[in-house]
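Take a look at the letters that make up each chain.
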Amino acid sequence: MNGRLLSGSLPPGMHSDSHACVAPTSSTKSIFLHTTVNEVSTPWGHILKSNSNGTYFRLSLENVNRNIGGFVDFQRFVRLDGIAMAIIVANPVEAALTGRKALQNA
């Protein structure tokens, strides 16, 4: 990747200019990208995973928790390819209205 995302490389309905993005560390040939979909005081978003050269992204996990500082509750395990743990927002509709997230492991 050359530091910019093309709208055609993201899943339908997602545009790189309308989401805050954080790239959790990756040691594989794929890129994981957290795109924030709720910018209120209780942010969360979706994890996208790229193909091997980082040009196309697919939705991997929805409603992954994030804090105001940009830290994403998503962790890959060393030497366990394809295994990750995340904390998701179980009540995204309610949390968007009340600002109170119900969190659960995924």
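Predicted model, so just to flag it, every value in this text is computed and none were measured.

This part takes up the overall build of the chain. Within the chain, the regular secondary structure consists of one helix and seven strands. When the helices and strands of the chain are listed from N to C terminus, the series reads β-β-β-β-β-β-α-β. When burial is assessed residue by residue, the chain has 34% of its 106 residues classed as buried. In the chain, the proportion of contacts linking residues at least 24 apart, taken out of those at least 6 apart, comes to 33%.

Further remarks concern the layout of surface pockets. Roughly 200 Å³ of volume is contained in the largest pocket. In terms of lining, the largest pocket is formed by 14 residues, of which the most central are Phe32, Ser60, Phe74, Gly82 and Ala84.

With respect to the helices and strands, asparagine 91 occurs in the loop between strand 6 (84-89) and helix 1 (92-98). For asparagine 91, a relative accessible area of 13% corresponds to the buried category. A polar atom in the side chain of asparagine 91 sits 2.8 Å from the backbone nitrogen of alanine 102.

Turning next to the pairing of strand 3 (residues 44-50). Across the seven residues that make up strand 3, a large majority, six, are buried. Of the pairings in the sheet, the one linking strand 2 (residues 32-38) to strand 3 comprises six bridges and is antiparallel in character. Along strand 3, the bridge assignment pairs asparagine 38 with tryptophan 44. With six bridges joining them, strand 3 and strand 4 (residues 57-65) adopt antiparallel strand pairing. Within the sheet, the bridge partner assigned to serine 50 lies in strand 4 and is phenylalanine 57. Hairpin remark: strand 3 followed by strand 4, antiparallel, with six residues in the connecting loop; positive phi at glycine 54, about 75°.

The next thing to look at is the environment of arginine 76. Tracing the chain through its elements places arginine 76 in strand 5 (residues 74-76). For the pair formed by arginine 76 and alanine 86, sequence separation is ten residues and the distance between their alpha carbons is 8.7 Å.

Even without being a glycine, asparagine 63 presents a positive backbone phi close to 60°. Relative accessible area serves as the criterion here: at 18%, asparagine 63 is assigned to the buried category.

Taken together, Phe77, Leu80, Ile83 and Met85 make up a surface patch of nonpolar side chains, about 340 Å² in accessible area. Within the element layout of this structure, methionine 85 appears in strand 6. Residue methionine 85 is classed as partly exposed on the basis of its relative accessible area, which comes to 41%.

With that settled, consider the environment of threonine 55. Along the chain, the position of threonine 55 falls in the loop between strand 3 and strand 4. Residue threonine 55 is classed as partly exposed on the basis of its relative accessible area, which comes to 34%. Distance from threonine 55 to isoleucine 31, taken between C-alpha atoms, is 9.4 Å for residues 24 residues apart in sequence.

About the thresholds
- Residues numbered from 1 in each chain as written.
- Predicted model: local features only at pLDDT ≥ 70, side-chain atom pairs only at ≥ 80, totals over all residues.
- Heavy atoms only, no water.
- Helix = DSSP H or I, 4+ residues; strand = E, 2+ residues; numbered from the N terminus.
- Buried < 20%, exposed > 50% of the residue type's maximum accessible area, 1.4 Å probe, protein only.
- Contact = heavy atoms within 4.5 Å.
- 1 Å grid on protein atoms, 1.4 Å probe; cavity = no way out; pocket = protein on both sides within 12 Å on 5 of 7 lines; lining within 4 Å.
- Points joined across faces, edges and corners; volume = space filled by probe spheres on them.
- Polar contact = N/O pair within 3.5 Å; in protein donor to acceptor, adjacent residues only side chain to side chain.
- Pairing = 2+ DSSP bridges.
- Patch = residues over 30% accessible without salt bridge, like charges linked within 9 Å, V, L, I, M, F, W, Y side chains within 5 Å.
- Areas by Shrake-Rupley, 256 points an atom, 1.4 Å probe, with all protein chains shown as cover.
- Salt bridge = Lys/Arg side-chain N within 4 Å of Asp/Glu carboxyl O.

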